[in-house]
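Notes for the structure review
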Amino acid sequence: MIGVDRTLHFLVNVGSAGYHPAAWLDPALTPDAFIRLEHYQRVAAVAERGLLDGLLFPDIPVQQPSIARGPAATLDPVLLTSALAVSTERVGLIPTATSTLNLPYNLARRILSLDHVSGGRAGWNVVTTFEPNAARNFGIEHLPERDERYRRAGEYVELTKKLWDSWEDDALIGDQASARFADPDKVHAAQHRGEFFTVAGPLNVTRSPQGRPVLVQAGSSAQGKAFAAAHAEAIYATQFGLEPAVQFAGEIRAAAAALGRDPAQIRILPGLVPVIAGTTAEASAKFDTLQARLHPDSAPVRALARWLGYPDEDLALDAPVPERLLTLPENRIGPQGFFASLTRYAADTGHTVRQLLSEFLGGHRVVIGTPEQVADHIETWWRSGAVDGFTVIPAVLPSYLEDFVDHVVPILRSRGIFRADYTGQTLRSHLGLREPANSFVR
Amino acid sequence: MSRQVHLNVNILNSGVFGGSWRFPGTDPLAAFGLEHYIGIARKAEAARLDAIFLADGPAIREDLRYRPFNSLEPSVVLAAVAAATSAIGLIGTLSSTYNDPYDVARRFATLDQLSGGRSGWNVVTTAGKESARNFGFDDEPDHAVRYARAAEFVEAVRKLWNSWEPDALVGDKPTWRFADPDKIHSTDHHGPHFDVAGPLNVPRSPQGEPVVVQAGASTDGRALAARVGEVIFTAAQTEQEAAEYYRDVKARAVGYGRSAEGVVVLPGLSTVIGSTEAEAQRRRELLAELVPPEYALTRLAGQLGVPEDALVLDGPLPWHLLADADEAGGSQTFYKIAVGLAQRENLTVRQLLRRLGGGAGHRIVTGTPEQIADAILDWVDKGIADGFNLMPDVLPSGFDDFVDHVVPILQRRGRFRTEYESTTLRGHLGLAVPAHTVPGSGDAADRVVA
């Protein structure tokens, strides 16, 4: 299935001070970095210097209690990315927005506006929001079950595509002499009536410079995978082991093909937390320093236990994860993809808890080593067909991204597997994705 | 010292007239690109204006065959403009009928962080079927319902803006204390229209809270403006209307326990500038000629709520079809202006269209820079306006003329700032920074604003 698009692709996950819970303790960062445009401008400039494909901004519309110990979701990512469009020229801008707590007309309009503001560099990371506290900010006491959330998300995305197609490319005329401003025959109302939404349209924003904004998706539960196969153009899913990653890619591409999609038009870009230094030992020490900055309550072993959904007393540092902990606890409402991927990795490798703690962070795979070692990891996975690249998740921003851009990217470039210059203007073009035809034009 | 004038520029696509996009030398599609907004904002900033202002509605209400319409979403545009400017205020319109309070509060709080405290939210209740149908409704909610919802919406938004105490962000690295949870307060808003748990996930604004802007001429609209509006945008055509509105809305504000100075009243002012009076008149005539006639007639019929064939160009308005303004649906502000104008001056449809000039129903002043400056100062000196919301005839050229020729006159007369004296929109407008109020300890929306 690979072979059409022979370059690596990289997104960057941009979460406040960095992905590591102790990132804000980095001496180079001021505490208010997470609400400072200048901080994000520095990050974006580094990514653009590295010719990376795009920046992905996670989000959830709620005040997370973890704010007591470090930055949490804060600025609206659509507005933040719009501000970043001004200080950048090429790098893609992908805000996260939930299909559960936004009205489709409004969100379709904001993302497409971002696309125009950035000259065709916008994507939308579609999430379905499982956090009850976020729902309560919108007057919703009970979130629908996962099945219904994804069914709703599916309808939402179909509707959004129709709204994005409201205007044919040449519908806007602007002929001053004849007083013809636009051609109503080339402007289409969605007239959508579905299970969840009724929206007339047309959208009041003209068609995207890249056809449509790029749809990104991260879920890897059964429902998430089905959704990805149907809609996602880039997939940001957790993968720990190579073999399951190959299997995941095969499943997604086959499911997409079964739905009539071109399986080569999906970019699989799992998260990767690179920790880079001149020697392996230095890189390990660097990660240890970061881990040692954590508050005792957030100690890595406790974080792992929390992710698994079990009390941390159940984990012993120098033993493998007990087998009974490798099954999904009942009533666990968090993301299932991470759980499945990590537990399979733990079972397959038999690694001790201590080893595992240097292999994952939050929900993603950590790779610690020299620039060559990190480049090797990336190339191995890419050549296996498991991935089209990675979503780089810097533990601390911007410094861990600088390490990647300044030391790993040049190696990949010298190996001829990453671009030496941007060849297009749009996110779609960076990702090697074709512009979709307008669904209203037969 | 004489009273200082406040000036916003309303970036209405290509200009306030239906034919602005056809004006010679104008890029007809400029309003669909970011550069248009950045260019005008930078010009406004160089002239030390208070703010740029973006109107909005979530639908195409204009007849797209004949003219531009609101397209790019205002909060997205303003975020980009924030990154390209350093002092100018940024006011955007967002509907209280087709949004959620948490989302609106968060977007303006975000804009305030990105801009260092320069944002303002123009609360509108959004008339019209076209918008309603984009949100699953057949028609707009009843006028009174829209305004009741708007009042509660603003109350909830302001509670959210008060989630974080000013010093809640601690950032003490040695003790791992990032923020003080005791200084981040739940909203727990429960009302007929909204339940919002909170807290908002954005720290308190550099200007305390974003500035609340309101327009509205109906009885409900005035009440809302007087209760929550810090900047009030009006459409007064005549001195008499302006005086009545100004006194009424300030008196109502005082009645709500607010200070008269905490309410900045800015009527809309469309400007047509020429280096001589004759040149300005010729420009005005050209603008009227450039309005596509089919467009003008269709639009007026829609705005008056009468069938198109009820309007005869050289006949009077169909008075038997026209309802009392407070009972009419749609935008009552425009309705009152148009009907009032026709009635006062006994105008035919053609004459009325010409007087409205394809404008948005705001006062149009045509003349030399001196005459425009005089017109501005006249109302401010009479105490019936605190300044104006400028609606240039053509964008950007008509605004360039204003900045290059009218602003220097106002500055020479000592009536308009030559340097910014503050870094926030609230500061430019002379509005006090509201004290932090813990949500639930008192109604944030009823709180006295300095």
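Residues numbered from 1 in each chain as written. Chains lettered and ligands numbered in written order. Predicted model: local features only at pLDDT ≥ 70, side-chain atom pairs only at ≥ 80, totals over all residues.

Things to note about the overall build of chain B
When helices and strands are tallied, chain B shows 14 helices and 13 strands. The globule rule puts the C-alpha radius of gyration for 450 residues at 22 Å, and the 22 Å found for chain B is close to it. Principal-axis analysis of the C-alpha atoms places the extent of chain B at approximately 75 × 50 × 40 Å. The buried share among the 450 residues of chain B stands at 58%. Here the analysis covers contacts within chain B between residues at least 6 apart in sequence; of these, 75% occur between residues at least 24 apart. (Helix = DSSP H or I, 4+ residues; strand = E, 2+ residues; numbered from the N terminus. Rg over C-alpha atoms; globule rule 2.2 N^0.38 Å. Buried ≥ 20, exposed ≤ 12 C-beta atoms within 10 Å, placed from the backbone. Contact = placed C-beta atoms within 7 Å.)

Description of the domain arrangement of chain B
Residues and elements named next belong to chain B. The domains assigned to chain B are domain 1 (6-163 + 200-277 + 363-434) and domain 2 (292-356). Of note, the centres of domain 1 and domain 2, computed from C-alpha atoms alone, are 25 Å apart. Residue-level contacts link 16 residues of domain 1 with 15 residues of domain 2. Among the residues forming the side of domain 1 that touches domain 2, the class breakdown is five nonpolar, eight polar and three charged. (Domains from an automatic or database assignment. Nonpolar A, V, L, I, M, F, W, Y, C, P; charged D, E, K, R; others polar.)

Remarks on the sheet that holds strand β11 (residues 267-268) of chain A
Within a sheet, each strand pairs with its neighbour through backbone hydrogen bonds, oriented either parallel or antiparallel. All names here are of chain A. The mixed open sheet is built from 11 strands, whose spatial order is β11-β10-β9-β4-β3-β2-β1-β15-β12-β14-β13. Because the sheet does not close on itself, it has two edges, and the strands there are β11 and β13 (360-361). Relative to strand β4 (residues 123-127), strand β3 (residues 92-98) runs parallel, the two sharing three bridges. Directly across from A97, in β4, lies its bridge partner V126. (Pairing = 2+ DSSP bridges.)

Some details on the interface of chain B and chain A
Each partner contributes residues to the interface: chain B has 60 residues there, and chain A has 60 residues. Elements that contribute at least two residues to the side of chain B that touches chain A include exactly α2 (74-84), α3 (101-115), β5 (169-172), β6 (177-179) and β8 (195-196) of chain B. A per-element tally of the side of chain B that touches chain A places α2 of chain B first, with eight residues. Across the side of chain B that touches chain A, the residue classes break down as 39 nonpolar, 11 polar and 10 charged.

A closer look at the nonpolar core
A83 of chain A together with I52 of chain B are the most contacted members of the largest nonpolar core, which totals 268 residues. The dominant element in this core, judged by the number of residues it contributes, is helix α5 (residues 143-161) of chain B, at nine residues. Both domains that meet at this core, namely domain 1 (6-163 + 200-277 + 363-434) and domain 2 (292-356) of chain B, each give it at least three residues. Once residues within four sequence positions are removed from consideration, I52 of chain B is found in contact with N8, V9, I11, I40, A41, A44, I88, L90 and I91 of chain B. Counting 11 residues, the second-largest nonpolar core is a separate cluster that includes L172, F181 and V187 of chain A together with Y66 of chain B. (Core = buried A, V, L, I, M, F, W, Y, C linked by C-beta atoms within 7 Å.)

Quick word on unusual backbone geometry
Residues and elements named next belong to chain A. Residue P202 is reached from G201 by a cis peptide bond, and omega for that bond is -5 degrees. Examined against the element boundaries, P202 turns out to sit in the loop between β8 (198-199) and β9 (214-217). Omega for the bond connecting L397 with P398 falls within 30 degrees of zero, at -5 degrees, which places this linkage in the cis form. By secondary structure assignment, the location of P398 is in the loop between β15 (389-392) and α13 (399-414). In this model, L51 sits at a positive phi of 60 degrees, which is unusual for a non-glycine residue. Residue position: L51 is located in the loop between α1 (37-49) and β2 (54-57). Classification of L51 by C-beta neighbours within 10 Å gives partly exposed; the count is 19.

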